[in-house]
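Structure at a glance
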Amino acid sequence: MLSPGIAEKIVKDVKKLIGEDIIIVNTEGIIIASTDQDRIGNFHQGALLAIEKKDRIIILEKDERKLIGVRAGINLPVFFRRDVIGVIGITGNPTKVSPFGEIIRKMTEMLVSENYYSQQLELQSRTLEAFVFDWLQNRDWDFVFLNQAKLLNVDLTTNRQAIMVDIHQFEHLLPRDIYSSFSKWNNAKNGDILIRWGNNRVLVLRKAPQQENRDQILNYVTSFQNFLEENLNSQLSIGIGQIVSSKEMILSYNQAERALRSIDQHSNIIFDEDLTIEMIFDEVKHETKQVFLERTIGQIANEEELIHTLKKLFENNHSLKKTAASLHVHINTLHYRLKKVYELTRLDPSNINDLLILFLSLQLLDETTKRRPK
């Protein structure tokens, strides 16, 4: 309950308020945190008396010769749910430090309580994460699984929709920051499940109403996006799976993950139902994609000017005039670059078959670039 970690935090926080030496003692009378590092691990008889009496003990200078490990000051028992869980000691002139006693005790008890409930929230969240992992892995719902769902108050009779969220800047976030933000999301009270999914992702398994259109789903997702960005202070990308029965949750989960992988610079929210060619790419093995790139545009993959030129060609629907204008080059320069593409790849941008291969190659190249570690 009163661990050395939380005790050290309390000592630092209290020290800022009164500027006196502080100790935290456990229920066995051992000092577990102190502004004086040399006292950590020592026995403190005054604190043990405070624990036995469940009341403050004032230590005078004359008591320093009678009691083991004490210094003049005040010792206050710290309570949690009416039980003494430790003692906070303030070293100094008792007359000077006593007025701070009750305030310091209350502050300490609040910190202990906050830490306890944060730990409980984190434990509950991790239990839910483990359950969802089993949910997505197990095809058969046995008695143990169904009982766990009941204990966690998870409704398995409703349709649901998976939403996968990628947190762009997650290094500054502590797990309890993310867990705490979940508890503030009002829609979670409606039975939606919000959990961490790895270091930088959040998975939502939302209860989907029987009648719901795309705009309603988008309003929900946008509201959730704004909420998380404000609470986590980070930009997000979101992939949305389709509505399925709870029994088929893995399908919506895979769709949400696929949609998230298809995020580009044009949109940070993608519905799986909007994917077309990305669906095909997702089914192709990574090794096959690499071989395809090597056989097609491998010779120009690092030629930024040529790659950029091809992208502009597709953006302008193969209009050479518009492509040259968007590149701010003469039309002859564009012809020269396209000729060079043919010489290096043997793919002719003026041939419809070769043009399709070039287009697919650029899509795969972009996908590879997006997944490359930063």
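Because the structure is a prediction, the values reported are computed rather than measured. (Residues numbered from 1 in each chain as written. Predicted model: local features only at pLDDT ≥ 70, side-chain atom pairs only at ≥ 80, totals over all residues. Heavy atoms only, no water.)

Next up on the list: the overall build of the protein chain. Per the secondary structure count, the protein chain includes 14 helices and 10 strands. A principal-axis box enclosing the C-alpha atoms of the protein chain has dimensions of 100 × 50 × 35 Å. Put simply, the protein chain has 374 residues, and 44% of those count as buried. Pairs at least 24 apart in sequence give 60% of the contacts found in the protein chain among residues at least 6 apart. In the form shown here, the protein chain has an accessible surface area of approximately 21200 Å², with 49% of it arising from carbon and sulfur atoms. Placing the 47 positive and 50 negative side-chain charges of the protein chain at their respective mean positions leaves the two points 3 Å apart. (Helix = DSSP H or I, 4+ residues; strand = E, 2+ residues; numbered from the N terminus. Buried < 20%, exposed > 50% of the residue type's maximum accessible area, 1.4 Å probe, protein only. Contact = heavy atoms within 4.5 Å. Areas by Shrake-Rupley, 256 points an atom, 1.4 Å probe, with all protein chains shown as cover. Lys, Arg positive; Asp, Glu negative; His and termini not counted. Charge placed at Lys NZ, Arg CZ, Asp CG, Glu CD.)

Moving on to the pairing of strand β4 (residues 73–80). For β4, the tally of buried residues reaches 7 of 8 residues, placing the bulk of the element in the interior. Two strands pair when backbone bridges link them, and strand β3 (residues 57–59) and β4 are joined in this way by 3 bridges, in the antiparallel orientation. Its bridge partner being in β4, Ile 57 is matched across the sheet by Asn 75. In terms of strand pairing, β4 meets strand β5 (residues 83–91) through 8 bridges, oriented antiparallel. Within β5, the position partnered with Asn 75 by the bridge is Gly 89. Joining the antiparallel neighbours β4 and β5 is a turn of 2 residues, in which Arg 81 adopts a positive phi near 55 degrees. (Pairing = 2+ DSSP bridges.)

Attention now moves to the nonpolar core. Within the largest apolar cluster, 26 residues are counted, with the highest numbers of intra-cluster contacts made by Val 132, Trp 135 and Leu 203. Contributing elements (two or more residues each) for this core: α4 (101–137), α5 (143–151), β6 (159–167), β7 (193–196), β8 (201–207) and α8 (249–261). When near neighbours in sequence (up to four residues on either side) are disregarded, Val 132 contacts Ile 193, Ile 195, Trp 197, Leu 203 and Leu 205. Residues Leu 2, Val 14, Ile 18 and Val 112 belong to the second largest nonpolar core, which totals 23 residues. (Core = buried A, V, L, I, M, F, W, Y, C linked by side-chain atoms within 4.5 Å.)

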